[in-house]
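The residues making up each chain are set out below.
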Amino acid sequence: MSQEPTSFLYPFIDSEERDEVALVTDLSRSAAAKMAESRQLGTVTIERSLTELQRAGQEMAERFGLGGRLFAFGNGGSATDAAGMVDLFLCPPSGVPLPALALVDDRAVLTALANDVGYELVFSRQIIAHARSGDIAVGFSTSGGSVNVLNAFDEAAKRGILTLGFSGYEGGSMATSSSVDHRLVVGSDSVHRIQEAQSALVLELWSIVQRGLRDGDGQ
Amino acid sequence: MMSTEAAAPEGATDAAAWGLALASLAMARRFAAGATMWCVAPRWPAHGSHVAVEFVHPVIVGKRALPAVHLEAGELVGAVRLLSCPGDILLAIGGSGDAAVEAVVRRCEAWGLTTVWIGAGPHPSGPGADHLIWVDGVDMARAARSGELVLRYHLLWELTHVVFEHPGLLTTEQQCRDDVCIACSDEGRLAEITSVHDGNRAEVVAEGNVETVDVSLVDQARPGDLVLVHAGVAITRVEEAR
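What you see is a predicted model; the values in this text were computed from it and never measured.

Novice: Is there a simple way to think about helix 3 (residues 107-116) of chain A in this case?
Specialist: Given 3.6 residues per turn, any residue in an α-helix points the same way as the ones three and four places further on. For helix 3 of chain A, the N-terminal cap is A:Asp106; the gap from its side-chain oxygen to the backbone nitrogen of A:Ala108 is 2.9 Å. Immediately downstream of helix 3 of chain A, the backbone of A:Gly118 shows phi near 110 degrees, a positive value.

Have a look at this one:
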């Protein structure tokens, strides 16, 4: 195990440390504090975003009702969040299954586009190929600045596709993009806490969509 | 065993946080010794990919990349058996009724892997894991979507890297059993049969080590069977759950 860069300043602190109970106690306090912080952030973010969630969810329900489909995308952990959202809409624990596709799942398409036209176009090219007016595009970027996500929003907006952007910090470039119809921002500067709160936001959005579809059926 | 494997000290913190702390200490020690972490999440592949990318490509610049691999659903038992080395980590994500997860987890002791199982809902009644990281009070379908599950593995990553800042504690994992005569103890060790020589002798792997044992007490022993070995004899087959 290599030493941390600063440990030469404190030669006796790290290498001689043997009190594992003290360490585990510290770790455990830190875990408890972060769990509380995460839940608090999720609750506050949902409260703060409720109007936007309801508007977005209602418009999504209308589009699903007319045969629209959902396309989700993002990079890294956000790619898995996009895949998780698709799983929730496609295989819901209750309610009606809804057509949703993740643009991060097909290794042939992703590598072909990255190799031939560049990584910044891997999602926009798929939007061009698949999506049509009446569909829904959902992009995830904790920084709000992922170029391939922003490019996909631009293509989607040109085609009459409803666009939703999930981001953290203060929204990044997503906050000022005219191609994004609904912005859901988790006000945190921790990528991990942002992703956790985004999961809660997506779950809330999904339940609003399901409610919207039920109400629509009843009319 | 390590003193820290005791229950959380009264009032010190909550049990869930204590469990995360212990798992992170164990994971950091295994990583420091060269382990790879194999991630399986057959029902929740997005979470399997997410946890692996956290370790391989840290969100905080300067944190070391750690070897973690998400194995897509398929023949998971065969894949982990072939790819893993004794001392590696198996991180599973799934509910307690997830047969594909159970099938892998139950063999890890024989393969010499440290197991961390993240799930929700009822606790597993079959094979346990070395570290059970459980979301109580909600079912798996909700925990997987509400942020609770991702919170658990984010914290495992964060705490593992905190342990790396304490190199003095990375190498003190005690190897128990060294001074215990297995033949004299009452203990049966879990082993997986790798090949059967004739009706009576078989090669097995136990705690990651290959040894030859007497299997004459086990009816029709076959490669892949799990058996309990005591003093060089396979005394019984361990049946698969359900």
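Novice: Can you walk me through unusual backbone geometry in this structure?
Specialist: The bulk of non-glycine residues show a negative phi, and the bulk of peptide bonds are trans. The backbone phi angle of A:Tyr169 is positive, close to 50 degrees, even though this residue is not glycine. Examined against the element boundaries, A:Tyr169 turns out to sit in the loop between strand 4 (162-167) and strand 5 (182-185). A positive phi angle, near 50 degrees, is found at B:Glu207, a position not held by glycine. Taking relative accessible area as the criterion, B:Glu207 reaches 34% and is therefore assigned partly exposed.

Novice: Whenever I open this one, the sheet that holds strand 1 (residues 37-40) of chain B confuses me. Can you help?
Specialist: Across a sheet, paired strands are connected by hydrogen bonds in the backbone, their directions being either parallel or antiparallel. All names here are of chain B. With respect to topology, five strands assemble into an open sheet ordered 2-1-3-4-5, the strand pairing being parallel. The sheet is open, and its two borders are formed by strand 2 (68-71) and strand 5 (131-135), each paired with just one other strand. On average, each strand axis in the sheet is tilted by 15 degrees relative to the strand beside it, whichever way the strands run. Relative to strand 2, strand 1 runs parallel, the two sharing four bridges. In the strand pairing of strand 2, Met 37 is matched with Ala 68.

Novice: How do you make sense of the packing of helix 1 (residues 15-32) of chain B against helix 6 (residues 148-164) of chain B when you look at a structure like this?
Specialist: Axes are the key here: two packed helices are described by the angle between their axes and the distance separating the axes. Residues and elements named next belong to chain B. In contact at an axis separation of 8 Å, helix 1 and helix 6 are set at 55 degrees when each is read in the N-to-C sense. Judged by the angle between their axes, helix 1 and helix 6 are oblique. In this structure, helix 1 crosses over helix 6, and the sense of that crossing is right-handed. Here helix 1 contributes Leu 20, Ala 21, Ala 23, Ser 24, Leu 25, Met 27, Ala 28, Phe 31 and Ala 32 to the contact with helix 6, which in turn contributes Arg 152, Leu 155, Leu 156, Leu 159, Thr 160, Val 163 and Phe 164. Split into classes, the residues belonging to the contact of helix 1 with helix 6 amount to 13 nonpolar, two polar and one charged.

Novice: Looking at this model, I keep getting lost on the sheet that holds strand 3 (residues 136-141) of chain A. Mind explaining?
Specialist: Residue and element names in this part refer to chain A. Taken in spatial order, the five strands make up an open sheet running 2-1-3-4-5, and their pairing is parallel. Each end of this open sheet is capped by a strand with a single partner; those strands are strand 2 (100-102) and strand 5. Going from strand to strand, the sheet's axes swing by 15 degrees on average, the running direction of each strand aside. Bridging between strand 1 (residues 70-74) and strand 3 involves five bridges; their strand directions are parallel. For Ala 72, the partnering residue across the bridge sits in strand 3 and is Val 138. The strands touched by helix 1 (residues 20-65) within the sheet are strand 1, strand 3, strand 4 and strand 5, with strand 5 carrying the most contacts at an inclination of about 145 degrees. Where helix 2 (residues 77-90) meets the sheet, it contacts strand 1, strand 2 and strand 3, and its direction lies at approximately 160 degrees from that of strand 1.

Novice: When you look at the environment of A:Ala112 in this model, what are you seeing that I'm missing?
Specialist: Residues and elements named next belong to chain A. For Ala 112, the location among the structural elements is in helix 3. For Ala 112, a relative accessible area of 34% translates into the label partly exposed. For the pair formed by Ala 112 and Val 122, sequence separation is 10 residues and the distance between their alpha carbons is 8.7 Å.

Novice: How should the confidence of the model for chain B be read in this particular structure?
Specialist: Do not read the predicted coordinates in detail wherever pLDDT is low. Put simply, chain B has an average pLDDT of 89, and 88% of its residues get 70 or more. For the stretch residues 1-5 of chain B, pLDDT sits under 50, and the model shows 13 contacts to residues farther than four places along the chain or on other chains.

Novice: Before we go on, may I ask you to explain the interface of chain A and chain B in this structure?
Specialist: Frequently, the measure chosen for interface size is the accessible area removed from exposure when the parts meet. The partner chain B presents 47 residues to the 40 residues of chain A that form the contact. Between B:Glu158 and A:Arg193 there is a salt bridge, with the nearest N and O atoms lying 3.0 Å from each other. The interface formed by chain A and chain B contains 13 residue pairs in polar contact (both at pLDDT 80 or more). When residues of the side of chain A that touches chain B are traced back to their parent elements, those giving at least two are helix 1, helix 2 and helix 6 (191-218) of chain A. Top element by residues in the side of chain A that touches chain B is helix 1 of chain A. It accounts for 15 residues. Along the lines of polarity and charge, the residues of the side of chain A that touches chain B split into 15 nonpolar, 12 polar and 13 charged.

Novice: Any chance you could explain helix 5 (residues 147-158) of chain A here in plain terms?
Specialist: Residue and element names in this part refer to chain A. Compared with an ideal rise of 1.5 Å per residue, which puts 12 residues at 16 Å, helix 5 spans 17 Å between its outermost C-alpha atoms and is within 8% of the ideal. Those residues of helix 5 that fall on the buried side of the exposure criterion are Asn 148, Val 149, Leu 150, Ala 152, Phe 153, Glu 155 and Ala 156. The secondary structure elements touched by the buried residues of helix 5 are strand 1, helix 4 (124-130), strand 3 and strand 4. Phi turns positive one or two residues past the end of helix 5, at Gly 160, with a value near 75 degrees.

Rules of the game
- Residues numbered from 1 in each chain as written.
- Chains lettered and ligands numbered in written order.
- Predicted model: local features only at pLDDT ≥ 70, side-chain atom pairs only at ≥ 80, totals over all residues.
- Heavy atoms only, no water.
- Polar contact = N/O pair within 3.5 Å; in protein donor to acceptor, adjacent residues only side chain to side chain.
- Helix = DSSP H or I, 4+ residues; strand = E, 2+ residues; numbered from the N terminus.
- Buried < 20%, exposed > 50% of the residue type's maximum accessible area, 1.4 Å probe, protein only.
- Pairing = 2+ DSSP bridges.
- Axes fitted to C-alpha atoms, helices over the stretch in contact; angles between N-to-C directions.
- Parallel < 35°, antiparallel > 145°, perpendicular 65-115°, else oblique.
- Left-handed = near helix turned anticlockwise from the far one by under 90°.
- Contact = heavy atoms within 4.5 Å.
- Nonpolar A, V, L, I, M, F, W, Y, C, P; charged D, E, K, R; others polar.
- pLDDT = per-residue confidence, 0-100.
- Salt bridge = Lys/Arg side-chain N within 4 Å of Asp/Glu carboxyl O.
- Expected span 1.5 Å × (residues − 1).

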